[in-house]
Amino acid sequence: PLPQGLDSKKAMMIGTAGLTAMLCVQALLDGGVKPDAGEVLVTGASGGVGSVAVTLLTQLGYQVAALTGRVEQNGPLLEKLGASRIIDRTEFEQPSRPLEKQVWAGAIDTVGSKVLAKVLAQMDYNGVVAACGLAGGFDLPTTVMPFILRNVRLQGVDSVMCPTDKRIAAWEKLVALLPESYFEQACTEVELAQAPSYAEAITNGQITGRVVIKL
């Protein structure tokens, strides 16, 4: 059901991506990652899930680092959404060592593959990673060392088979947490005729945030 305080247009601006982002944030909360624990990383930060996740984490008081493949293009918006620093994705595309310097208290990963492996290797002791995407691949070239030696938790996040009560709770939190500025800054409304050109731009990584098609 449509939550109180949300109309159908804003619900579509949030969409499945926003629901997934909220479930990822909830996974970090459930895992005990507190705002004062350290920096939280969001990969694929300029996409639908990532842009909502950056906004939600900022609203909850976390210090957020945003990983994106187009720093110059996407950096300004991500900073407006609350990211404290922007990181170029190329830094995460090299093969990871089993363990690297501890950097992140928590992370939300939408990419998978080498990026997720690098994130896991850089997690703080007791860190939590919420993984919801595989844009970079469904393989995971890592070892058990982050999990065993640093007590790291990798939490998978699914929005397709998510139980109704969990969905309702997530949507209510989205209404409470997302500021009006998110809808103004991170959402673009287009006509149906523009859908093919925007779909191609999304595929090429040229769109930041969410696109809503007005029928």
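Summarised in this report is the structure supplied together with it. (Residues numbered from 1 in each chain as written. Predicted model: local features only at pLDDT ≥ 70, side-chain atom pairs only at ≥ 80, totals over all residues. Heavy atoms only, no water.)

## Quick word on the overall build of the chain
Here is the rule we go by: Secondary structure counts use DSSP, requiring at least four H or I residues in a row for a helix and at least two E residues in a row for a strand, with both numbered from the N terminus. The buried label applies to any residue whose accessible area, calculated with a 1.4 Å probe on protein chains only, is under 20% of its type's maximum; exposed applies above 50%, and partly exposed to all values in between. Residue contacts are counted whenever heavy atoms from the two residues lie within 4.5 Å of one another.
Assigned secondary structure in the chain consists of 8 helices and 8 strands. Taking the principal axes of the C-alpha coordinates as reference, the chain spans close to 50 × 35 × 30 Å. Burial analysis of the chain (215 residues in total) assigns 46% to the buried set. Long-range pairs, those at least 24 residues apart, make up 63% of the contacts in the chain between residues at least 6 apart in sequence.

## Structural notes on the nonpolar core
Counted only if it meets this: Only buried Ala, Val, Leu, Ile, Met, Phe, Trp, Tyr and Cys residues count toward a nonpolar core, and they belong to the same one when joined by side-chain atoms within 4.5 Å.
Formed by 46 residues in total, the largest nonpolar core has its most connected members in Val54, Leu56, Leu57 and Ile108. Considering every element that reaches this core, the biggest residue donor is helix α1 (residues 8-30), with 12 residues. Not counting the four nearest positions on each side in its chain, leucine 56 is found in contact with Ala21, Met22, Val25, Leu174, Leu177 and Leu178. Counting 16 residues, the second-largest nonpolar core is a separate cluster that includes Leu67, Ile87, Val119 and Met123.

## Re the packing of α1 against helix α6 (residues 164-177)
Between two packed helices, the angle of one axis relative to the other and the distance separating the axes together describe the packing. The following threshold applies: Every axis in this analysis is a line fitted to C-alpha atoms, fitted for helices over the stretch in contact. Angles between the N-to-C directions lie between 0 and 180 degrees. Note that the term roughly parallel is reserved for angles under 35 degrees, roughly antiparallel for angles over 145, roughly perpendicular for angles of 65 to 115, and oblique for everything else. Think of it as three bins: nonpolar holds Ala, Val, Leu, Ile, Met, Phe, Trp, Tyr, Cys and Pro, charged holds Asp, Glu, Lys and Arg, and polar takes everything else, Gly as well.
Put simply, α1 and α6 touch, their axes get as near as 9 Å, and they point 105 degrees apart. One way to sum up the angle between α1 and α6 is to call them roughly perpendicular. Contacts between α1 and α6 pair Ala11, Ile14, Gly15, Gly18, Leu19, Met22, Leu23 and Gln26 from the former with Lys166, Arg167, Ala170, Trp171, Lys173, Leu174 and Leu177 from the latter. A class-by-class count of the residues in the contact of α1 with α6 yields 9 nonpolar, 3 polar and 3 charged.

## A closer look at the sheet that holds strand β6 (residues 153-156)
The condition that has to hold: Whether two strands pair depends on DSSP finding at least two bridges between them.
Strand order in this open sheet of 6 strands is β3-β2-β1-β4-β5-β6, and the pairing throughout is parallel. In this open sheet, the two edge strands, each paired with only one partner strand, are β3 (85-88) and β6. Pairwise comparison of adjacent strand axes, ignoring direction, gives a mean angle of 20 degrees for this sheet. In this structure, strand β1 (residues 39-42) lies alongside strand β4 (residues 104-109), joined through 3 bridges in parallel fashion. Of the residues in β4, the one forming a bridge with valine 40 is glycine 106. The strands touched by helix α3 (residues 71-81) within the sheet are β2 (63-68) and β3, with β3 carrying the most contacts at an inclination of about 155 degrees. The strands that helix α4 (residues 113-121) touches are β1, β2, β4, β5 (123-131) and β6; relative to β5, the one it contacts most, it runs at about 155 degrees.

## Here's the deal with a nonpolar patch on the surface
Selection criterion: Like charges within 9 Å and nonpolar side chains (Val, Leu, Ile, Met, Phe, Trp, Tyr) within 5 Å are joined into patches, using only residues over 30% in relative accessible area that form no salt bridge. All accessible areas in this document rest on Shrake-Rupley with a 1.4 Å probe, and a residue is counted as covered only by the protein chains that are shown. Salt bridge, as applied in this entry: a Lys or Arg side-chain nitrogen positioned within 4 Å of an Asp or Glu carboxyl oxygen.
On the surface, a nonpolar cluster with roughly 380 Å² of combined accessible area is contributed by Val144, Met145, Ile148 and Leu149. Residue position: leucine 149 is located in helix α5 (residues 145-149).

## Things to note about the pairing of strand β8 (residues 210-214)
Applicable threshold: Whether a crossover is right-handed comes down to one check: with the strands pointing away from the viewer, does the path from the first strand over the helix to the second run clockwise; if it does, it is right-handed.
As judged from the 5 bridges shared by strand β7 (residues 187-191) and β8, these two strands associate in the parallel manner. The residue of β8 that forms the bridge with threonine 188 is valine 211. Chirality of the crossover, the property in question, places the unit of β7, helix α8 (residues 195-203) and β8 among those that are right-handed.

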